[in-house]
Amino acid sequence: PVDLAADPTVAALVGFYGLTPAFPWGQIMTRSSAEGGKTLYYATARVAADVVAKGYQHRVMAVHTGLKVFDKNTKLCQVGYRVAQEAIQYVVPHMTKRVLEAGPRDFCAALNDGNILLDNFAPALAEQLEALTVGSFVFVLEGYAQDTALKMFLVMWKCRSKSINLLVSKIERGGMAHKLRALGIYQEVAVTLKAKYDVEKDEKKKASAAEEANDAEKEIVTEEKKSADSEETTETAAK
């Protein structure tokens, strides 16, 4: 189990995600000390009380510890862990920070692959996204914040650039699309990705540079012609 008193991770997660005092830290486990807390799992209260609290976990091999609740970050961020999609329904009710409500179109737009530029979203939501620091956050489908059983949540990552990306597996993404279709609100949303935006931006820069170079060449030709005409005029006058 996570040592609430000694582990600085707890204070960092509480501060970053605004976790409430009711968050069940007594049910948050790691598979082994050797793992170094790579993944934090959410175990049932029964497992925590009847197995871990009595020290039985050292006598048996754990096949399934519980649901992933936090994964260690592989990217730079002010907190060491990102929220995991697998147990998001148990975390969101305790989060008071980094939870944003998204309308159907914006929620569907977030299901795309790649770094999605913020200007793909409604202006008010884009403004909230821009205000976030780098790290994971959660999109909640508008009107479903309290319906944790339906799990209409998406774990996202705010990038350093003005873009976000989805931290959900392909299988879970497909499951979410299926639920949205069942609710009659799924829609394919074409988005502009940062990579594509950068390519287009580079192409525009190259085109602009080529145009400037062409203009400069034309100016040189014009100046040379003017110089030649001037010399011809001078020679004619001398004769």
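Residues numbered from 1 in each chain as written. Predicted model: local features only at pLDDT ≥ 70, side-chain atom pairs only at ≥ 80, totals over all residues. Heavy atoms only, no water.

Undergrad: Could you give me a rundown of the sheet that holds strand β8 (residues 153-158), with the residues and numbers involved?
TA: One open sheet accounts for 5 strands, arranged β5-β7-β8-β9-β6; its pairing is mixed. Only two strands of the sheet have a single neighbouring strand rather than two, namely β5 (99-102) and β6 (116-117). Relative to β8, strand β7 (residues 135-141) runs antiparallel, the two being bridged by 6 bridges. Note that in β8 the partner of Ser-136 across the bridge is Trp-157. (Pairing = 2+ DSSP bridges. Helix = DSSP H or I, 4+ residues; strand = E, 2+ residues; numbered from the N terminus.)

Undergrad: How would you explain the pattern of salt bridges if you had to name every residue and give the values?
TA: Evaluation of the coordinates by the stated rule reveals 3 salt bridges. Residue Arg-173 is joined to Asp-113 by a salt bridge in which the shortest nitrogen-to-oxygen separation is 2.3 Å. Linking Arg-173 in helix α6 (residues 170-182) with Asp-113 in the loop between α4 (104-109) and β6, this pair joins segments that are 60 residues apart in sequence. Overall, the relative accessible area of 17% leaves Arg-173 in the buried class. (Salt bridge = Lys/Arg side-chain N within 4 Å of Asp/Glu carboxyl O. Buried < 20%, exposed > 50% of the residue type's maximum accessible area, 1.4 Å probe, protein only.)

Undergrad: Give me the lowdown on the pairing of β5, citing residues and values where you can.
TA: Side chains Leu-100 and Ala-102 of β5 all project onto a buried face; the interleaved residues Val-99 and Glu-101 project onto a face where none is buried. Two strands pair when backbone bridges link them, and β5 and β7 are joined in this way by 4 bridges, in the parallel orientation. In the sheet register, Leu-100 faces β7, and the bridge partner there is Phe-139.

Undergrad: If you had to explain unusual backbone geometry to someone new, which residues and values would you point to?
TA: Residues other than glycine seldom take positive phi values, yet Arg-98 does so here, at roughly 60°. Position of Arg-98 relative to the elements: it lies in the loop between α3 (88-91) and β5.

Undergrad: Account for the packing of aromatic side chains, naming residues and giving values.
TA: Applying the stated criterion across every chain, the model contains 7 aromatic pairs. Taking 4.9 Å as the distance between ring centres and 85° as the angle between the ring planes, the aromatic pair formed by Phe-16 and Tyr-17 counts as edge-to-face. Look at Phe-16 and you get buried, because its relative accessible area is 6%. What makes Tyr-17 buried here is its relative accessible area of 1%. With a centroid separation of 5.3 Å and an interplanar angle of 90°, the aromatic rings of Phe-137 and Phe-139 are classed as edge-to-face. These aromatic residues form a ring-pair network of at least three members: Phe-16, Tyr-17, Phe-23, Trp-25 and Phe-70. Here the basic side chain of Arg-181 rests over the ring of Tyr-186, its NZ or CZ set 4.4 Å away from the ring centre. (Phe/Tyr/Trp six-rings, centres within 6.5 Å; stacked < 30°, edge-to-face > 60°. Lys NZ or Arg CZ within 6 Å of the ring centre and 35° of its normal.)

Undergrad: Just give me the short version of the sheet that holds strand β2 (residues 39-42), but keep the residues and values in it.
TA: Taken in spatial order, the 4 strands make up an open sheet running β1-β2-β3-β4, and their pairing is antiparallel. Looking along the sheet, the strands with just one partner apiece sit at the ends: β1 (28-29) and β4 (81-83). Pairing of β2 with strand β3 (residues 67-72) involves 4 bridges; the strand directions are antiparallel. Across the sheet, Tyr-42 pairs through a bridge with Leu-67, a residue of β3. Each of β2, β3 and β4 is contacted by helix α1 (residues 8-17), which is oriented at about 45° to β4, the strand it contacts most. (Contact = heavy atoms within 4.5 Å. Axes fitted to C-alpha atoms, helices over the stretch in contact; angles between N-to-C directions.)

Undergrad: I'd like to hear about the pairing of β3, residue by residue, with values.
TA: In the sheet, β3 pairs with β4 via 3 bridges, with the strands oriented antiparallel. The partner of Lys-72 across the bridge, within β4, is Tyr-81.

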